[in-house]
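Structure at a glance
Below are the chains, spelled out letter by letter.
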Amino acid sequence: MLRKLCVNCYEHTPVEIVVIPTKEMVQDEEIVYDAKHYKCSQCGEIIPNNELGNENFKLMYRKYREKKSMLQPEDINYIRKKIYGISIRLLAQLIGCSPATLSRYENGALQSKQHDNQLKMLRDPRNMKTLFESNMDEIPEGKDKQELRERLGFLLDILKSADILKGFDDKLNLIEIQPVDSWNEVSVEEVERFFIIKGQEIEENENLKVSPLKLQKLMYYAQGWTIAYTDHNLFNAQFEAWQHGPVIPDVYQKYKTYGYSRITNDFNVNIEELNLTQDQFRIVEWVWDKYSKYEAKFLEDLTHMEYPWRITRGDLPSDANCNWIIENEYIKKFFTSMSNTLKLLQKV
Ligand SMILES: [Zn+2]
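What follows concerns the sheet that holds strand β2 (residues 11-26). Here four strands make up an open sheet; going across it, the order is β1-β2-β3-β4 and the pairing antiparallel. The sheet terminates laterally at β1 (3-6) and β4 (46-47), the two strands that pair on one side only. Pairing between strand β3 (residues 29-40) and β4: two bridges, direction antiparallel. By the bridge assignment for β4, Lys-39 is matched with Ile-46. Lying over the sheet, helix α1 (residues 50-67) contacts β1, β2 and β3, oriented at roughly 155° with respect to β3.

Right, dumping it as structure tokens:
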């Protein structure tokens with residue numbers, strides 16, 4: 001059992017940790033938070049203690065930030081490490097503070113309003129790019145600078161895709177999927193059928209028909225977004241980086257006789273009868289909602305612009321034949337980053 005020096009008993013006595021609701025002024029704001037204290041289990045005296053004092057400050061600042069919609073320490077760390085992959089030193093230089101100050105922020109100290117605003121702005125890679133470029137000459141060449149340059153390129157690509165996804169909406173409504181331990185991949189065929197049946201519903205617009213080309217793109221985005229939302233594959237199949245975008249060869253073989261025409265539903269199944277879980281349905285519905293409004297050719301161009309297809313093909317001319325597999329890790333990196341970046345941009 002933990003022992004501390006009790007000022008009442010004049011000895012090291014066993015203590016327990018108790019929570020005491022406490023009011024405190026932080027700058028201009030009254031904050032109520034649950035302070036932790038040691039309590040002597042012999043006499044009941046509350047014992048002052050530095051280590052808990054520190055923790056209490058952190059709790060108090062956490063409440064304050066919450067109330068003022070400021071970034072929490074883990075948000076700052078996330079921006080620096082997860083989004084941009086840079087050192088404390090470089091981020092500190094960019095926002096004009098000492099590395100020690102930034103390090104304290106990440107450890108729970110209360111950041112200044114000005115630094116908070118700056119860091120919030122930097123969640124948007126477009127702002128980071130501007131700041132980076134205007135400080136370019138003062139930043140020493142090295143791993144840090146190179147990493148930031150590469151990440152910015154990647155993130156700005158993501159934002160182009162995200163803008164297209166958003167269409168005319170101000171926000172892109174991502175769906176919430178609760179994490180699950182067991183996740184059954186579905187057959188490729190179930191997902192094909194979902195999009196083909198959906199395609200029958202837009203009969204009036206011939207440009208938006210689900211042709212083999214469009215089906216491949218919808219399958220690709222369904223797989224990518226399922227990984228982003230759940231960290232699991234929707235189905236077990238690999239995409240190859242063909243000239244016209246990502247393709248599952250078996251799916252190509254199966255429907256190629258349709259050429260550029262609409263694939264018709266001759267399998268007599270209703271959408272409700274498909275073997276998809278509720279979450280899988282929600283994701284493919286969402287993908288349908290976001291991507292089906294574009295023509296197949298447009299979606300092809302979109303995949304060409306995006307990282308997984310581009311990185312797989314490297315320097316190959318865009319019209320070259322190619323059957324290289326798009327590694328799942330590229331798909332994961334791209335779609336997960338897109339989803340994280342969008343979430344972050346929408347936060348606060
Ligand atoms: Zn005591």
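Glancing now at the packing of aromatic side chains. Overall, the coordinates contain 21 aromatic pairs when judged by the stated rule. Judged by centre distance (5.7 Å) and plane angle (40°), the ring pair of Trp-225 and Tyr-229 falls under tilted. One end of the pair, Trp-225, and the other, Tyr-229, are both in helix α9 (residues 212-230), four residues apart, so they sit about a helical turn from each other. A relative accessible area of 0% places Trp-225 in the buried class. Looking at Arg-193, its charged tip hangs above the ring of Phe-267, at a distance of 4.4 Å from the centre.

The subject of this paragraph is the confidence of the model for the chain. Per-residue confidence for the chain averages 91 on the pLDDT scale, and 97% of its residues sit at or above 70. Least confident of the elements in the chain is helix α14 (residues 328-346), whose mean pLDDT is 87; most confident is helix α4 (residues 99-106), at 97.

A few words on helix α2 (residues 73-83). Restricting attention to buried positions, one finds in α2 the residues Pro-73, Asp-75, Ile-76, Ile-79, Arg-80 and Ile-83. Gly-85 occupies a position one or two residues after α2 and carries a positive phi of about 60°.

Our next topic: the environment of Gln-72. With respect to the helices, strands and loops of the structure, Gln-72 is situated in the loop between α1 and α2. Considering only alpha carbons, one finds Gln-72 and Gly-44, 28 residues apart in sequence, at a separation of 35 Å. Setting aside anything within four residues of it in sequence, one finds Gln-72 in contact with Arg-62, Arg-65 and Glu-66. At a separation of 2.9 Å, a polar atom in the side chain of Gln-72 contacts the side chain of Arg-65.

Here Glu-106 is to be found in helix α4. Among the polar contacts made by the side chain of Glu-106, one reaches the side chain of Asn-77 at a distance of 2.9 Å. In contact with Glu-106, other than residues within four places in its own chain, are Pro-73, Ile-76, Asn-77, Arg-80 and Ile-88.

Moving on, we get to helix α6 (residues 125-135). For α6, the full list of buried residues reads Pro-125, Met-128, Phe-132 and Asn-135. Down the axis of α6, the sector holding all buried residues measures 90°, keeping them to one side. Summarising the geometry of α6, the exposed residues directed more than 90 degrees from the buried face are Thr-130 and Ser-134. The backbone nitrogen of Arg-126 lies 2.9 Å from a side-chain oxygen of the residue at the head of α6, namely Asp-124.

The subject of this paragraph is the pairing of β3. Relative to β3, β2 is paired through 12 bridges, and the arrangement is antiparallel. Bridge pairing in β3 places Val-15 opposite Cys-40. Taking the residues that link successive antiparallel strands as the turn, the β3-β4 hairpin has five residues, and the phi of Gly-44 there is positive, at about 90°.

For the coordinates displayed, the defined rule picks out 23 salt bridges. With a closest N to O distance of 3.1 Å, Lys-68 and Glu-29 form a salt bridge. Here Lys-68 is found in the loop between α1 and α2, whereas its partner Glu-29 is found in strand β3, with 39 residues between them in sequence. Among the residues examined, Lys-68 registers a relative accessible area of 27% and is labelled partly exposed. For Glu-285, the salt bridge identified is with Lys-198, shortest N-O distance 3.1 Å. Of this pair, Glu-285 sits in helix α11 (residues 278-291) while Lys-198 sits in helix α8 (residues 188-200), and the two are 87 residues apart along the sequence.

What counts and what doesn't
- Residues numbered from 1 in each chain as written.
- Predicted model: local features only at pLDDT ≥ 70, side-chain atom pairs only at ≥ 80, totals over all residues.
- Heavy atoms only, no water.
- Pairing = 2+ DSSP bridges.
- Helix = DSSP H or I, 4+ residues; strand = E, 2+ residues; numbered from the N terminus.
- Contact = heavy atoms within 4.5 Å.
- Axes fitted to C-alpha atoms, helices over the stretch in contact; angles between N-to-C directions.
- Phe/Tyr/Trp six-rings, centres within 6.5 Å; stacked < 30°, edge-to-face > 60°.
- Buried < 20%, exposed > 50% of the residue type's maximum accessible area, 1.4 Å probe, protein only.
- Lys NZ or Arg CZ within 6 Å of the ring centre and 35° of its normal.
- pLDDT = per-residue confidence, 0-100.
- Polar contact = N/O pair within 3.5 Å; in protein donor to acceptor, adjacent residues only side chain to side chain.
- Arc of directions from axis to C-beta.
- Salt bridge = Lys/Arg side-chain N within 4 Å of Asp/Glu carboxyl O.

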